[in-house]
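Inside the fold
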Amino acid sequence: MKKILFFLFLGFVLIPTEKILADDDDKPFYKGIRVGWQQSNFSNSDWGDLSSFYAGFFGVKKIGLGKLLSFYSGLEFYQIGSQKDNDNKFVISYISVPINLRVKVGPVYGFGGFNPSFKVMDEIIVGGVDASEIILSNGNSIPFGVNAFDIGGQVGIGAKFLFLGVEVKYNQGFLDVFRDVTESTTSHHLQVGACVYF
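The rules behind the values
- Residues numbered from 1 in each chain as written.
- Predicted model: local features only at pLDDT ≥ 70, side-chain atom pairs only at ≥ 80, totals over all residues.
- Heavy atoms only, no water.
- Helix = DSSP H or I, 4+ residues; strand = E, 2+ residues; numbered from the N terminus.
- Buried < 20%, exposed > 50% of the residue type's maximum accessible area, 1.4 Å probe, protein only.
- Contact = heavy atoms within 4.5 Å.
- Areas by Shrake-Rupley, 256 points an atom, 1.4 Å probe, with all protein chains shown as cover.
- Core = buried A, V, L, I, M, F, W, Y, C linked by side-chain atoms within 4.5 Å.
- Salt bridge = Lys/Arg side-chain N within 4 Å of Asp/Glu carboxyl O.
- pLDDT = per-residue confidence, 0-100.
- Pairing = 2+ DSSP bridges.
- Phe/Tyr/Trp six-rings, centres within 6.5 Å; stacked < 30°, edge-to-face > 60°.

The next subject is the overall build of the protein chain. Regarding its fold elements, the protein chain presents one helix and 14 strands. Classification of the 198 residues of the protein chain by burial places 37% in the buried group. Residue pairs at least 24 apart in sequence account for 61% of intrachain contacts in the protein chain once pairs closer than 6 positions are excluded. Carbon and sulfur atoms make up 69% of the accessible area of the protein chain, which amounts to about 11300 Å² in all.

Our next topic: the nonpolar core. In this structure, Phe42, Tyr54, Tyr78, Ile80, Phe90, Ile92, Tyr94, Ile124, Val146, Val177 and Phe178 together form the largest nonpolar core, which totals 11 residues. When contributions to this core are tallied by element, the ones reaching two or more residues are β3 (69–85) and β4 (88–96). Top contributing element to this core by residue count: β4, with three residues. Excluding residues within four positions of it along the chain, Ile80 makes contact with Gln38, Ser40, Phe42, Leu50, Phe90, Val91, Ile92, Tyr94, Ser187 and His189.

It is worth spelling out the pattern of salt bridges at this point. In total, this model carries four salt bridges according to the counting rule given. For Arg34, the salt bridge identified is with Glu167, shortest N-O distance 3.8 Å. Here the residue Arg34 occupies a position in strand β1 (residues 29–42), and Glu167 occupies one in strand β13 (residues 164–173), the gap between them amounting to 133 residues. For the pair Arg34 and Glu167, one class covers both residues: buried. Note that Lys119 and Asp122 form a salt bridge whose closest N and O atoms lie 3.1 Å from each other.

Turning next to the confidence of the model for the protein chain. Reading fine detail from the predicted coordinates is not recommended where pLDDT is low. When pLDDT is averaged across the protein chain, the result is 83; 79% of the residues are at 70 or more. Confidence over residues 1–23 falls short of pLDDT 50; this stretch has seven contacts with residues more than four positions distant or in other chains.

A few words now on the pairing of strand β5 (residues 99–105). Residues Asn100, Arg102 and Lys104 of β5 are buried on one face, while the alternating residues Ile99, Leu101, Val103 and Val105, pointing to the opposite face, are not. Here β5 pairs with strand β6 (residues 108–114) via seven bridges, running antiparallel. For Asn100, the partnering residue across the bridge sits in β6 and is Gly113. In this antiparallel pair of consecutive strands, β5 and β6, the connection spans two residues, and Gly106 shows a positive phi of 65°.

It is worth spelling out the pairing of β6 at this point. As paired elements, β6 and strand β12 (residues 152–161) share seven bridges and run antiparallel to each other. Bridging across to β12, Gly113 finds its partner in Gln154.

Quick look at the environment of Phe161 now. Relative to the helices and strands, Phe161 is located in strand β12. With 55 residues separating them along the chain, Phe161 and Gly106 place their C-alpha atoms 9.7 Å apart.

The next point concerns the packing of aromatic side chains. Under the criterion given, the structure shown has 12 aromatic pairs. Seen from their ring centres, Phe58 and Tyr197 are 5.2 Å apart, and the 75° between their planes marks the pair as edge-to-face. In this pair, Phe58 sits in strand β2 (residues 48–62) while Tyr197 sits in strand β14 (residues 187–197), placing the two residues 139 residues apart along the sequence. We note that Phe58, like Tyr197, is buried. Ring geometry for Tyr72 and Tyr109: centres 6.3 Å apart, planes at 80°, overall edge-to-face. One end of the pair, Tyr72, is in strand β3; the other, Tyr109, is in strand β6, with 37 residues separating them in the sequence. Judged by its relative accessible area of 1%, Tyr109 is buried. Connected via pairs of aromatic rings, a cluster forms that spans Tyr30, Phe58, Tyr72, Tyr109, Phe111 and Tyr197.

This is how it looks when you write it as structure tokens:
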């Protein structure tokens, strides 16, 4: 009886696995969602790293007839910044459109490309007070100078089993994050997360 149950269980696991893996290999395009933890900072910050999250959708389109190369893109929300404590932090939120070339061998894949990002909002807290605006000598205020666009280079590695995957990705910004400053400041972040494939 135990042998029968074991083989039934094995068949239940292996048959769907084989089908899902075959579907993934045969489909020219598939998609999914990803979410995870992110750690970021600025190139010349005296504060510590900011821990936050990222979430988004992605699509994978195979290039050519083989299974090796694919175009890997999507739409993603993420936050970068720097933090001393809860009363002193700088957070910038972006919507990005990552554009990557992906190489897959078996369940493991690596990817690299660019990460054009559009600022959605920023939050600057200093001494527990909102410092998103600079007060001028005449009493007027202007927004703190955060550029609306950033682009970075990114590299990553991941693995897929059945409909689940894990990824680790590093992004280095190329453009200045802030306007009207004398010292160049770029951003960088590390992402670790999970993917669900449809």
